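Here are the chains, one letter per residue:
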Amino acid sequence: MLKIDGKKAAADLKADLKKKVAELKSTYNAVPGLTVILVGEDTPSQIYVKNKEKSANEVGIKSEVIRYPEKVEEKVVLDKIKELNDNNEVSGILVQLPLPKHIDKRKVIEAINPSKDVDGFHPMNVGNLSSGYESNIPCTPLGCYLLIKNIEKNLNGKHAVIIGRSNLNGKPMAQLLLKENCTVTITHSKTKDLKAECAKADIIIAAVGRPKLVKADWVKKDAIIIDVGINKTDSGLVGDVDFDGVSKVAKAITPVPGGVGPMTIACLLNNTVECFKKAQSS
Ligand code: GUN
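The structure reproduced in this document is the subject of the present report. (Residues numbered from 1 in each chain as written. Predicted model: local features only at pLDDT ≥ 70, side-chain atom pairs only at ≥ 80, totals over all residues. Heavy atoms only, no water.)

### Notes on the overall build of the chain
Reasoning step 1: What the chain contains, in helices and strands, is 10 helices and 11 strands.
Reasoning step 2: For 282 residues, the compact-globule formula gives about 19 Å, and the C-alpha radius of gyration of the chain, at 19 Å, lands near that figure.
Reasoning step 3: Taken across its 282 residues, the chain has 50% of its residues classed as buried.
Reasoning step 4: In the chain, the proportion of contacts linking residues at least 24 apart, taken out of those at least 6 apart, comes to 70%.
Reasoning step 5: Accessible surface, the chain: about 14,000 Å² in total, of which carbon and sulfur atoms supply 52%.
Reasoning step 6: Separation between the mean location of the 42 positive side-chain charges and that of the 34 negative ones in the chain comes to 3 Å. (Helix = DSSP H or I, 4+ residues; strand = E, 2+ residues; numbered from the N terminus. Rg over C-alpha atoms; globule rule 2.2 N^0.38 Å. Buried < 20%, exposed > 50% of the residue type's maximum accessible area, 1.4 Å probe, protein only. Contact = heavy atoms within 4.5 Å. Areas by Shrake-Rupley, 256 points an atom, 1.4 Å probe, with all protein chains shown as cover. Lys, Arg positive; Asp, Glu negative; His and termini not counted. Charge placed at Lys NZ, Arg CZ, Asp CG, Glu CD.)

See below:
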């Protein structure tokens, strides 16, 4: 069994990006810029945003975090996004989710210029991805995809089972794997027999937020298991997969922490660099 080292994969990608940023700097006398908007005091969001900022700085991306109190008016956020859309020094804009209830997430996402939408959440990017056209790809599924491709170059005809149908992960994950000619099943809370679906999978991507949901007897021998879950329990952070049991059956499996998480951030930096490059050539 291979324990997939997400930290190492992310470090490799970041080293590559650092070189690219240095090259871009000498070519254009400018560096990619990432602006993150954070509303409120949600603790996990604060941690994510700190990590994003730190990682951006490590590779030479200019990063800025704009913080608003929980009660900020929606218009203030929308006006700021408009300003950032028009700012040439900003290559990528990310509005950290979740947002407070009085702010319309859809309006906020749609306000971002699709070419600066490093999350790939704008309908234009979602549509382009599902049509198989070039697009910004959401960071978590992109990270999962790269980890899978590191293990298995040719995914033709593989049966992938995705647990969770979110816009953040499940749906874009399905599009990425379809492009690779996988047969894709998306399962969710109303799926009748999740265990039976998983038992058919060559690849399982678990992203539902249910601690240790996927058990060893759900998993086909030599399957690849990608665990997107981050669940706080009395015994610490655990994923959506019962790592100890499943690792005895799987060919490869991501740990939690140290699997998908570091790759998500590295992919955000990758998307920021890509947005910068496209902006230079447009
Ligand atoms: N909150 C949790 N994950 C994400 C993400 O990938 N992007 C944004 N913008 N917010 C998040």
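### Overview of the site of the ligand
Reasoning step 1: All residues adjacent to the ligand are Leu94, Val95, Gln96, Leu97, Asp119, Phe121 and Leu168.
Reasoning step 2: Taking Gln96, its side chain carries an N or O atom lying 3.2 Å from a nitrogen atom of the ligand.
Reasoning step 3: At 2.6 Å from a nitrogen atom of the ligand is found a side-chain nitrogen or oxygen belonging to Asp119.
Reasoning step 4: Of the residues in the shell around the ligand, the class split is five nonpolar, one polar and one charged. (Near = heavy atom within 4 Å. Polar contact = N/O pair within 3.5 Å; in protein donor to acceptor, adjacent residues only side chain to side chain. Nonpolar A, V, L, I, M, F, W, Y, C, P; charged D, E, K, R; others polar.)

### Focus: the side chain of Thr272
Reasoning step 1: Looking at the secondary structure, you find Thr272 in helix α10 (residues 260-281).
Reasoning step 2: Note on Thr272: relative accessible area 0%, which makes it buried.
Reasoning step 3: Sequence-distant contacts of Thr272, that is, excluding residues within four places in its chain, are made with Pro32, Gly33, Leu34, Ile61, Ser91 and Val118.

### Description of the sheet that holds strand β2 (residues 33-39)
Reasoning step 1: Spatially, the three strands line up as an open sheet ordered β3-β2-β4, and their pairing is parallel. Of all the strands in the sheet, just β3 (62-68) and β4 (92-95) have a single pairing partner and so form its edges. Taken over all neighbouring pairs, the strand axes of this sheet differ in orientation by 15° on average, direction set aside.
Reasoning step 2: Both β2 and β4 contribute to a ladder of four bridges, which runs parallel. Residue Val36 lies in a different strand from β4, and its bridge partner there is Leu94.
Reasoning step 3: Sheet contacts for helix α2 (residues 43-59): β2, β3 and β4; angle to β3, the most-contacted strand, approximately 160°.
Reasoning step 4: Here helix α3 (residues 74-85) sits on the sheet in contact with β2, β3 and β4, set at roughly 180° to β2. (Pairing = 2+ DSSP bridges. Axes fitted to C-alpha atoms, helices over the stretch in contact; angles between N-to-C directions.)

### Some thoughts on the nonpolar core
Reasoning step 1: If you look at the biggest cluster of nonpolar residues, it comprises 49 residues, and the most contacted ones within it are Ile61, Ile148, Met173, Leu177, Ile203, Ile205 and Ile226.
Reasoning step 2: For this core, the element with the highest residue contribution is α10, accounting for nine residues.
Reasoning step 3: Those residues in contact with Met173 that sit more than four places away from it in its chain are Pro141, Cys144, Tyr145, Ile148, Ile162 and Ile205. (Core = buried A, V, L, I, M, F, W, Y, C linked by side-chain atoms within 4.5 Å.)

### A word on the environment of Asp240
Reasoning step 1: As for its placement among the helices and strands, Asp240 is situated in the loop between β10 (236-238) and α9 (243-246).
Reasoning step 2: Judged by relative accessible area, which is 0%, Asp240 ranks as buried.
Reasoning step 3: Separated by 32 residues in the primary sequence, Asp240 and Val208 place their C-alpha atoms 6.9 Å from one another.
Reasoning step 4: Filtering out sequence-adjacent residues up to four positions away, Asp240 remains in contact with Ala206, Ala207, Val208, Gly209, Arg210, Pro211, Lys212, Leu213, Val214, Asp227, Gly229 and Asn231.

These values are about where atoms sit, not about what they do.
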